[in-house]
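An overview of the molecular structure
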Amino acid sequence: AQRVTQPEKLLSVFKGAPVELKCNYSYSGSPELFWYVQYSRQRLQLLLRHISRESIKGFTADLNKGETSFHLKKPFAQEEDSAMYYCALSSNDYKLSFGAGTTVTVRA
Amino acid sequence: ETGVTQSPTHLIKTRGQQVTLRCSSQSGHNTVSWYQQALGQGPQFIFQYYREEENGRGNFPPRFSGLQFPNYSSELNVNALELDDSALYLCASSSRTSGSRNEQFFGPGTRLTVL
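Here we summarise the structure given alongside this text. Just so it is clear, the structure is predicted and the values come from calculations on it, not from any experiment.

**Quick notes on the sheet that holds strand β3 (residues 19-21) of chain A**
Residue and element names in this part refer to chain A. Taking strand neighbours across the sheet as the criterion, the three strands line up as β3-β8-β7 in an open arrangement whose pairing is antiparallel. With one partner strand each, in any of the chains shown, β3 and β7 (60-61) form the two edges of the open sheet. Sheet topology note: the β3/strand β8 (residues 72-74) ladder contains three bridges and is antiparallel. The residue of β8 that forms the bridge with L21 is L72.

Have a look at this one:
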């Protein structure tokens, strides 16, 4: 069975401060990991995926297979980063398993 | 390029009724996945359709069924509605033929309320 855990329901940071969203997973094979984001009144959209190893909107995420983690980080949070963030895992059968999500609020 | 669309936007049903939700996939995509998102939870995988056949199913009872049409659009049908079926239903399309096989593009969702 595959499972994704996001331990923080809510995360509040000040503008310019670093932000880190935690994600842990359990899966016996080789998964693909993703971060999806949902801004207010918008649809769910892909933020980044581990295989591309790129930075999107200043966010990065590194897959740590030893710790089975895929934490999302940004060194300097901006107000426009306020949103709901979901970590997701894809196994070989193409389905996505999502965590419960973390609501990020960036305060001025 | 047209994104994923879903209809209706929202609807209200009573227990025991049946409902059909519709999804049009993004242009060029041949795979459609359906998810149920209860309040305060992440999306839960219901099933996926590829080449008009069900290709993988989550932990949902048989009263959740679906179809995919030759133009890759899809329907989700739920029979004998229960109160716990109240949720946001998301459709996502993707392409098996592209390099990003698992990148799924989501629609805006249909909000179902069961009274």
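Having seen it, we continue.
**Examining the sheet that holds strand β7 (residues 64-68) of chain B**
All names here are of chain B. The sheet built from four strands is open, its strands ordered β1-β3-β8-β7 with antiparallel pairing. On the outer flanks of this sheet lie β1 (5-7) and β7, each paired with one strand and no other. With direction set aside, neighbouring strand axes in the sheet form an average angle of 20°. Relative to strand β8 (residues 74-78), β7 runs antiparallel, the two being bridged by five bridges. Paired with S65 across the bridge in β8 is N77.

**A short note on unusual backbone geometry**
All names here are of chain B. Going from S7 to P8, the amide bond is cis rather than trans, its omega being -10°. With respect to the secondary-structure elements, P8 resides in the loop between β1 and β2 (10-13). Of note in the backbone geometry, Y72 takes a positive phi value of approximately 75° without being a glycine. If you trace the backbone, Y72 turns up in the loop between β7 and β8. Assessed through its relative accessible area of 36%, Y72 is described here as partly exposed.

**Description of the pairing of strand β5 (residues 44-50) of chain B**
Residues and elements named next belong to chain B. Of all seven residues in β5, six are buried, a share of seventy percent or more. Where strand β4 (residues 31-37) folds back onto β5 in an antiparallel hairpin, the turn is made up of six residues, including G40, whose phi is positive at roughly 80°. Direction of pairing for β5 relative to strand β6 (residues 53-57): antiparallel, over a ladder of three bridges. Paired with Y49 across the two strands is E54, which belongs to β6. Hairpin remark: β5 followed by β6, antiparallel, with two residues in the connecting loop; positive phi at R51, about 50°.

Procedures and definitions
- Residues numbered from 1 in each chain as written.
- Chains lettered and ligands numbered in written order.
- Predicted model: local features only at pLDDT ≥ 70, side-chain atom pairs only at ≥ 80, totals over all residues.
- Heavy atoms only, no water.
- Pairing = 2+ DSSP bridges.
- Helix = DSSP H or I, 4+ residues; strand = E, 2+ residues; numbered from the N terminus.
- Axes fitted to C-alpha atoms, helices over the stretch in contact; angles between N-to-C directions.
- Buried < 20%, exposed > 50% of the residue type's maximum accessible area, 1.4 Å probe, protein only.

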